[in-house]
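Here is what each chain is made of, one letter per residue.
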Amino acid sequence: MESTIALIGFGEAGSTFAKAAGWESAALAFDINPARRVVMEEAGVVVCATAECALSDADIVLSLVTADSALPAAQDFADMLKPDAIWCDMNSVAPDTKRAAAKLIVDAGGRYVDVAVLAPVNPARMNVPLLISGAHAEEAEALLRAAGFAKTRVVGDEIGRASAIKMIRSVMVKGIEALTAEMMLAATKAGVADEVLSSLDASEKTQSWFERAEYNVERMTTHGLRRAAEMEESAKTLEALGVEPLMTNGTVRRQREQAGKTIAFTAERTEVA
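Computed from a prediction, not measured in an experiment: that's the story for all the values here.

A. Inspection of the environment of Thr 97 at higher detail. Relative to the elements of secondary structure, Thr 97 occurs in helix α5 (residues 95-107). Given the relative accessible area of 14%, Thr 97 is considered buried. Distance in space between the C-alpha atoms of Thr 97 and Asn 33 is 23 Å, their sequence separation being 64 residues. Setting aside residues up to four positions removed in sequence, Thr 97 forms contacts with Leu 71 and Glu 233.

Right, dumping it as structure tokens:
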């Protein structure tokens with residue numbers, strides 16, 4: 001990879017990409033959490049104590065922070081960018097949030113690109129699907145491809161288009177997780193989990209609901225807080241479209257409440273005609 005890459009945020013996504021791509025010294029990383037320094041060292045990237053260290057010479061920036069930090073990151077670091085550097089906002093936030101961040105980056109002399117990550121970074125890693133939009137989407141795609149991302153697609157030149165696809169899609173994906181948890185909480189308390197899951201299996205055979213329920217609930221236990229923040233952005237997306245996010249707001253609450261908690265249920269398959 002010829003371009004110098006900066007990683008703002010070195011959580012699960014940043015560390016996964018850096019290790020999988022083998023960027024090592026071609027990438028400079030900064031995270032507001034000092035504890036991430038150890039992970040940076042393990043990945044072999046250049047460890048930066050300040051954002052300015054990471055950004056000053058970077059050609060392309062991957063913003064991989066939490067949803068509620070996406071706009072503050074752009075606000076705090078825009079003036080540190082090298083002229084014409086491309087800021088790839090890969091955070092799961094509403095189109096309006098990305099448009100606000102884009103203005104900050106452009107006003108500071110940088111170039112902003114909306115990037116939507118459409119699947120968990122693990123286990124997909126560099127094969128995770130990326131949608132890209134914005135005036136500089138084509139150039140950003142070329143740089144992301146050069147960095148090792150294998151599944152990229154430009155979806156338009158409008159900032160917010162990629163994130164709109166992601167946020168509206170998340171209404172279904174995270175909503176199913178939240179509904180699964182709600183179902184299993186009730187089924188477990190009623191002592192009918194086996195019958196409920198077997199009944200669902202009888203009506204849909206693409207994937208066993210015994211497997212799906214466990215997976216959906218685990219996703220919330222592990223990532224509930226992050227998913228709740230993302231769904232708040234999905235709610236904003238719907239509101240901006242004039243759609244009241246009744247179910248989505250419920251998903252926010254369920255994702256947040258389920259974070260860090262497990263549902264201990266025992267269910268055995270039952271034959272259902």
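What follows picks up the thread again.
B. Region of interest: the packing of aromatic side chains. Tallying each qualifying case throughout the model produces three aromatic pairs. Summarising the aromatic geometry, the rings of Phe 17 and Phe 149 are spaced 4.9 Å apart at their centres and angled 80 degrees between planes, so their arrangement reads as edge-to-face. Taken together, the residues Phe 17 in helix α1 (residues 12-21) and Phe 149 in the loop between α7 (137-147) and β8 (152-156) connect sequence positions 132 residues apart. Relative accessible area serves as the criterion here: at 0%, Phe 17 is assigned to the buried category. On the basis of an interplanar angle of 90 degrees and a centroid distance of 6.0 Å, the ring pair of Phe 30 and Phe 77 is categorised as edge-to-face. Linking Phe 30 in strand β2 (residues 27-30) with Phe 77 in helix α4 (residues 70-77), this pair joins segments that are 47 residues apart in sequence. By relative accessible area, Phe 77 is classed as buried at 12%. Members of the aromatic cluster, connected to one another through ring pairs, are Phe 17, Trp 23 and Phe 149.

Rules of the game
Residues numbered from 1 in each chain as written. Predicted model: local features only at pLDDT ≥ 70, side-chain atom pairs only at ≥ 80, totals over all residues. Heavy atoms only, no water. Helix = DSSP H or I, 4+ residues; strand = E, 2+ residues; numbered from the N terminus. Buried < 20%, exposed > 50% of the residue type's maximum accessible area, 1.4 Å probe, protein only. Contact = heavy atoms within 4.5 Å. Phe/Tyr/Trp six-rings, centres within 6.5 Å; stacked < 30°, edge-to-face > 60°.

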